Amino acid sequence: MPRVDTTIQPVFVRPPTGDPVPLVLDSPHSGDVYPGDFRAACAPELLRQAEDAWVDELWGAATGLGATMVAAGFPRAYIDPNRALEDMDPALLDEPWPGPIAPGDKSGRGVGLIWRLIKGEVPIYDRKLSVEEVRQRIDRYWQPYHVALDAAVDAAHARFGRVWHIDCHSMQATGNKRSVDGDGTPRADFVLGDRDGTTCEPEFTRFVADRVAAMGYSVKVNDPYKGVEIVRRHGRPAEGRHSLQIELNRALYMDEEAHRKIPRFDRLQADLATLTRDLVGFIGSRP
Ligand SMILES: [Zn+2]
């Protein structure tokens, strides 16, 4: 059963414990404490399948290597920090949203700012949400997450004149009915997303792709995931702000149905530590 609370810390910022480097990681979907006012109607086990479980732990070596880690405390099915505030699904609300909304492709798939569906087909709620409760989710969770991440990225940029940022996720091993890649399609071990080369220098994407491939993992770039709101907000390569989304295939480290780690977890965690160490070298080598 998931943990339930009414006073959740929305975001955890873990500062570097090693010599600081201009590298910031964020894990927006690994939160696993369920707010008491969620009032979801679907099975809790299903809800948990939306979590990018243990992703912050997988990248846990980063702070010792000089990076800053920002991680969500709340679950992404409650409100998704990797969506724009405007990506609001009006079908969820019991009255019109008072501000501007622009429901996009994600809302259309049931996974906008507030998710409507789990696994692309199971409704999360048996009720409509009030404007007030959605506003509270934004004010108490979405906003503090972005304030903390903005501050970490800006602090590194102010100190070093540039910053590399990794938006850390995990994905189901295959697509579902509403996935962009369709039902049952197997996915690569790693999927890197730079929104078709717009959110970071191409060398960053290429370095990560090459290193990961050298470790024996399969890797794809912008297929099927290109990166969404977080890399869009932070990726401004012309200003020395490089942002890359990394999706890990959950089959590499967990049993999704049973929601538990598998023995291979430790190997992936060690490989991510090696990748992070190599990235610190890469960052130091950039002109
Ligand atoms: Zn994610």
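Structure: see above.
Residues numbered from 1 in each chain as written. Predicted model: local features only at pLDDT ≥ 70, side-chain atom pairs only at ≥ 80, totals over all residues.

(A) Spotlight on the overall build of the chain. Tallying secondary structure elements over the chain gives 7 helices and 13 strands in all. For the chain, the C-alpha radius of gyration of 18 Å lies close to 19 Å, the compact-globule estimate for 287 residues. When the backbone C-alpha atoms are referred to their principal axes, the chain occupies close to 55 × 40 × 35 Å. Counting across all 287 residues of the chain, residues that qualify as buried make up 41%. (Helix = DSSP H or I, 4+ residues; strand = E, 2+ residues; numbered from the N terminus. Rg over C-alpha atoms; globule rule 2.2 N^0.38 Å. Buried ≥ 20, exposed ≤ 12 C-beta atoms within 10 Å, placed from the backbone.)

(B) Region of the structure containing the pairing of strand 8 (residues 163-171). Most of strand 8 is tucked away, with 9 of its 9 residues classed as buried. Going residue by residue along strand 8, you find Val163, His165, Asp167, His169 and Met171 tucked away on one face and Trp164, Ile166, Cys168 and Ser170 tucked away on the opposite face as well. The sheet contact formed by strand 3 (residues 23-27) and strand 8 spans 4 bridges and is parallel. Within the sheet, the bridge partner assigned to Leu25 lies in strand 8 and is Ile166. Direction of pairing for strand 8 relative to strand 11 (residues 241-249): parallel, over a ladder of 9 bridges. Paired with Ile166 across the bridge in strand 11 is Leu244. (Pairing = 2+ DSSP bridges.)

(C) Representation of the sheet that holds strand 10 (residues 219-221). Taken in spatial order, the 7 strands line up as 2-5-3-8-11-9-10 in an open sheet, and their pairing is mixed. Whereas interior strands pair on both sides, the edge strands pair on one side only; in this sheet they are strand 2 (11-14) and strand 10. In this sheet, neighbouring strand axes are inclined to one another by 20 degrees on average, regardless of whether the strands run parallel or antiparallel. With 4 bridges joining them, strand 9 (residues 190-193) and strand 11 adopt antiparallel strand pairing. Paired with Val191 across the two strands is Glu247, which belongs to strand 11. Its contacts with the sheet put helix 4 (residues 131-160) on strand 2, strand 3, strand 5 (68-72), strand 8 and strand 11, and the angle it makes with strand 5 is roughly 170 degrees. (Axes fitted to C-alpha atoms, helices over the stretch in contact; angles between N-to-C directions. Contact = placed C-beta atoms within 7 Å.)

(D) Highlighting the pairing of strand 3. Buried residues dominate strand 3, accounting for 5 of its 5 residues. Of the two faces of strand 3, the one lined by Leu23, Leu25 and Ser27 and the one lined by Val24 and Asp26 are each fully buried. In this sheet, strand 5 lies alongside strand 3 in parallel orientation, the contact comprising 4 bridges. Looking at the pairing, Leu25 lines up with Met69 of strand 5.

(E) Up close: the environment of Lys220. Tracing the backbone through its elements, the reader meets Lys220 in strand 10. Sequence spacing of Lys220 and Ala91 is 129 residues, and the spatial spacing of their C-alpha atoms is 34 Å. Those residues in contact with Lys220 that sit more than four places away from it in its chain are Ala188 and Val191.

(F) Representation of the environment of Val280 within the structure. In this structure, Val280 sits in helix 7 (residues 265-285). The spacing of Val280 and Pro186 is 94 residues in sequence and 31 Å in space, taken between C-alpha atoms. The residues touching Val280, leaving out its near neighbours within four places in the chain, are Val21, Leu23, Leu65 and Gly66.

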